[in-house]
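Below are the chains, spelled out letter by letter.
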Amino acid sequence: MTDLRTGVRDDFAEVFGREPDGVWSAPGRVNLIGEHTDYNLGFVLPFAINRRTVAAVGARDDRMLRVGSTFADELVEVSLDELRPEVLSGWSAYPLGVAWALGEFGADLQAVPGVDILLDSNVPVGAGLSSSAAIESAVLVALDELWRLGFDRRTLARVGQRAENVAVGAPTGIMDQSASLLGRRDAAVFLDCRSLESQIVPLGLEEAGLEILIIDTGVTHAHATGGYADRRASCEEGARVLGVEALRDVSVADLDRAREVLDDVTFRRVRHIVTEDQRVLDTVRTLREQGPRAIGELLDASHVSMRDDFEISVPELDLAVETAQANGAIGARMTGGGFGGSAIALVPSDAVSRVQVALDGAFAEHAFAAPDVFTVAASEGARRES
Ligand code: GAF
């Protein structure tokens, strides 16, 4: 982390020929449980991880926004006077999109100076760990401070989501930005995606002798297209037929009626969301009453629901989950939007290397590319570094 922070200052100086006004950072996230429930106005339980994006930012004396990064060999420029979603594309739509979206939430973009931004990150891209929300959140906290906006974190999360929905064009929910902005060390963020009320729920992993293992399958996913939008549309159709504002308003007890009025596919999409919301509530209660060793079955059930009802898993994710479970994991599930990315496994510390070795063996046996397997810790959300 220290390297990332000092490195980004040096890179900023090299690219822009001066010192930045400051360095801000924001983490990627892992979702412990509650998948695709956010845009159904339900519950999620993600945590911020110890992989971060850093943003060195300096105000300018004109109206230009300039953004560079260590992950793309280009400097993108746009004037604040021309900043609209239509002129943004590629990776720079994330940092520049949040500048635009701040205006949508009431920031007076006529009254603010341009900025130079330099980004670096150790959040893996395409792994389902929300490298995009990490960029958005790091730039959001930087601009909020440099432009003296005084937005609260809940509003900044909505700004980040707006940028992703409109400037990037991915129809995602509010979870990732909330985790990146609200995360706390050793704890998860329990978020009600309707009220946007959140509670910090201690994970207690160290005391319980547990680790969270990320198994990045290397299968890439893209939320702007395909399956994610299709699942969202099915959920909206289910809510429409059931006569509710959102699937949050359907309970497990309502599922019998839902089966009668919905076609089979829509019913199974709805059943995933409704049971997943309940699993989030059960996980929060179990963590508080019994600690993390007791949540394994809920994680396992979440994976089955995503595999069979929501149908967003892929063979590599299923293999990762099954191999972890068979080699000592307390629970395991795919995490994030699906169609690739990562699985998580809750593993006793003394079983971590056994699970890692077993994963390598199983992936080789199936002729899948070796997964990238590493542990993560629950960490602080977005902050100023220096
Ligand atoms: C992606 C989205 F960005 C989130 O909003 C959420 O819907 C998640 O997929 C699935 O739970 O990360």
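Keep in mind it's a predicted model, so treat the numbers as computed, not measured.

Helices and strands together make up the secondary structure of the protein, namely eleven helices and twelve strands. For 386 residues, the compact-globule formula gives about 21 Å, and the C-alpha radius of gyration of the protein, at 21 Å, lands near that figure. For the protein, the spread of C-alpha atoms along the principal axes amounts to about 60 × 50 × 40 Å. The contacts of the protein with a sequence gap of at least 6 include a subset with a gap of at least 24, amounting to 72%.

At a closest axis distance of 8 Å, the pairing of helix α2 (residues 93–104) and helix α4 (residues 153–168) adopts a crossing angle of 115 degrees. Here α4 runs roughly perpendicular to α2, going by the angle between their axes. As α2 packs across α4, the resulting crossing turns out to be right-handed. Contact residues: α2 offers Ala93, Tyr94, Gly97, Val98, Trp100, Ala101, Leu102 and Glu104, while α4 offers Val159, Gly160, Arg162, Ala163, Ala167 and Val168. A per-class count over the contact of α2 with α4 returns ten nonpolar, two polar and two charged.

For the rest of this paragraph, the subject is unusual backbone geometry. The backbone phi angle of Arg148 is positive, close to 50 degrees, even though this residue is not glycine. One can find Arg148 in the loop between α3 (131–146) and α4. The exposure class assigned to Arg148 is exposed, which follows from the 10 C-beta atoms found within 10 Å. Notably, Leu196 is not glycine yet its phi reads approximately 65 degrees, a positive angle. You can call Leu196 partly exposed: it has 14 C-beta atoms within 10 Å.

This next bit is on the UniProt feature "binding site: ATP" (unreviewed entry) in the protein. As recorded in UniProt, the sites labelled "binding site: ATP" (unreviewed entry) are Ser69, Gly126, Ala127, Gly128, Leu129, Ser130, Ser131 and Ser132. With respect to the helices, strands and loops of the structure, Ser69 is situated in strand β3 (residues 64–69). Beyond its immediate chain neighbours, meaning those up to four positions away, Ser69 contacts Trp91, Leu118, Leu119 and Asp120. Its place among the elements puts Ser130 in the loop between β5 (115–121) and α3. In this structure Ser130 touches Gly28, Arg29, Asp176 and Ser180, once residues within four positions along its chain are discounted.

Turning to the UniProt feature "binding site: substrate" (unreviewed entry) in the protein, a few remarks are in order. Mapped onto this numbering, the UniProt entry annotates "binding site: substrate" (unreviewed entry) at Glu35, His36, Thr37, Asp38 and Tyr228. In summary, the annotated positions, though distributed over 194 residues, converge in three dimensions, the widest C-alpha pair being only 12.6 Å. When residues no more than four places from it in sequence are discounted, the contact partners of His36 are Arg231, Ile273 and Phe310. As for its position among the elements, Thr37 is in the loop between β1 (22–33) and β2 (43–59). Those residues in contact with Thr37, other than ones at most four positions away along the chain, are Gly42, Phe43, Val44, Cys193, Ile273, Glu276, Asp277 and Val280.

Below, the discussion takes up helix α5 (residues 175–182). The buried fraction of α5 amounts to eight of the eight residues, a majority that puts the element mostly inside the structure. Turning to α5, its buried residues number three or more, namely Met175, Asp176, Gln177, Ser178, Ala179, Ser180, Leu181 and Leu182. Each element contacted by the buried residues of α5 is listed here: β1, β2, α3, α4, β6 (187–192) and β7 (198–202).

On to helix α8 (residues 264–290). Compared with an ideal rise of 1.5 Å per residue, which puts 27 residues at 39 Å, α8 spans 37 Å between its outermost C-alpha atoms and is within 8% of the ideal. Gly291 sits one or two positions beyond α8 and adopts a positive phi of about 90 degrees.

This part is about the nonpolar core. The nonpolar side chains of soluble globular proteins are, as a tendency, buried together. Counting 103 residues, the largest nonpolar core has Phe47, Ala55, Ala138, Leu213, Ala324, Ala345 and Val347 as the members making the most contacts within it. By residue number, the principal contributor to this core is β2, which donates ten residues. Apart from the residues within four sequence positions on either side, Val347 is in contact with Leu210, Glu211, Leu213, Ala324, Gly328, Ala329, Ile330, Val352 and Val355. Counting eight residues, the second largest nonpolar core, distinct from the first, contains Cys235, Leu262, Ile273 and Val274.

The rules behind these values
- Residue indices follow the written sequence of each chain, beginning from 1 at its first position.
- Residues qualify for local features only when their pLDDT is at least 70, as the model is predicted, and side-chain atom pairs are given and counted only at 80 or more; totals for whole chains, interfaces and linings, by contrast, use all residues.
- Strands are runs of DSSP state E lasting at least 2 residues, helices are runs of H or I lasting at least 4, and numbering of each runs from the N terminus.
- Radius of gyration here is computed from C-alpha atoms only, and the compact-globule reference equals 2.2 Å multiplied by the residue count raised to the power 0.38.
- Residues are defined as contacting one another if the C-beta atoms placed from their backbone atoms lie within 7 Å.
- Axis angles are defined between N-to-C directions and span 0 to 180 degrees, where every axis is a line fitted to C-alpha atoms and, for a helix, only to the segment in contact.
- Orientation is classified from the angle alone, with under 35 degrees giving roughly parallel, over 145 giving roughly antiparallel, 65 to 115 giving roughly perpendicular, and any other angle giving oblique.
- Crossings are sorted by hand: turned counterclockwise from the far helix by less than a right angle, the near helix makes the crossing left-handed, and turned clockwise it makes it right-handed.
- Gly counts as polar in this scheme, as do all residues outside two lists: the nonpolar Ala, Val, Leu, Ile, Met, Phe, Trp, Tyr, Cys and Pro, and the charged Asp, Glu, Lys and Arg.
- Burial is judged by counting other C-beta atoms within 10 Å of a residue's own C-beta: 20 or more means buried, 12 or fewer means exposed, and anything between counts as partly exposed, with every C-beta placed from the backbone.
- UniProt positions are given in the numbering used here, feature names are shortened, and annotations may be inferred rather than shown by experiment.
- To estimate the expected span of a helix, count its residues, drop one, and scale the result by 1.5 Å.
- Note on definitions: a nonpolar core is a set of buried residues drawn from Ala, Val, Leu, Ile, Met, Phe, Trp, Tyr and Cys, linked by C-beta atoms within 7 Å.

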